[in-house]
Amino acid sequence: MRIGIDTDTCIGAGQCAMVAPDVFTQDDDGYSTLRPGREDGGGSPLVREAARACPVGAITAGDPEDAGTPPGTR
């Protein structure tokens, strides 16, 4: 799975870390970051739910083969 965090959009609400704590954590400033070794989601079924829980839509989660594919073309 491909996980993206828009660091310019993240407000540090922490919803991702609450929903999928095995994948997401917060840095020293409170912003979302991926846990080391979990950059691909680690097979967690909660990654997409964590992306939906983000109040500002800073997290994206998709299949690696979709990377760079314009929306609606696949």
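Per-chain numbering applies: the sequence of each chain, read as written, is numbered from 1 onward. Restriction of local features to residues with pLDDT of at least 70 applies here, the model being predicted, together with a cutoff of 80 or more for giving and counting side-chain atom pairs; totals for whole chains, interfaces and linings are based on all residues. Only heavy atoms go into the side-chain values, all of them from the structure, while hydrogens and water stay out.

Under an unreviewed UniProt entry, the chain has the name Ferredoxin and belongs to Streptomyces hyderabadensis. UniProt positions are given in the numbering used here, feature names are shortened, and annotations may be inferred rather than shown by experiment. Turning to the chain, the UniProt record has this under Cofactor (unreviewed entry): "[3Fe-4S] cluster". Among the UniProt annotations of the chain, the heading Function (unreviewed entry) holds the following wording: "Ferredoxins are iron-sulfur proteins that transfer electrons in a wide variety of metabolic reactions."

**Thoughts on the side chain of Ser 44**
Counting from the N terminus, the helices are DSSP H or I runs at least four residues long and the strands are E runs at least two residues long. As for its position among the elements, Ser 44 is in the loop between strand 3 (32-34) and helix 2 (47-53). We call two residues in contact whenever any of their non-hydrogen atoms come within 4.5 Å of each other. Beyond its immediate chain neighbours, meaning those up to four positions away, Ser 44 contacts Asp 22 and Val 23.

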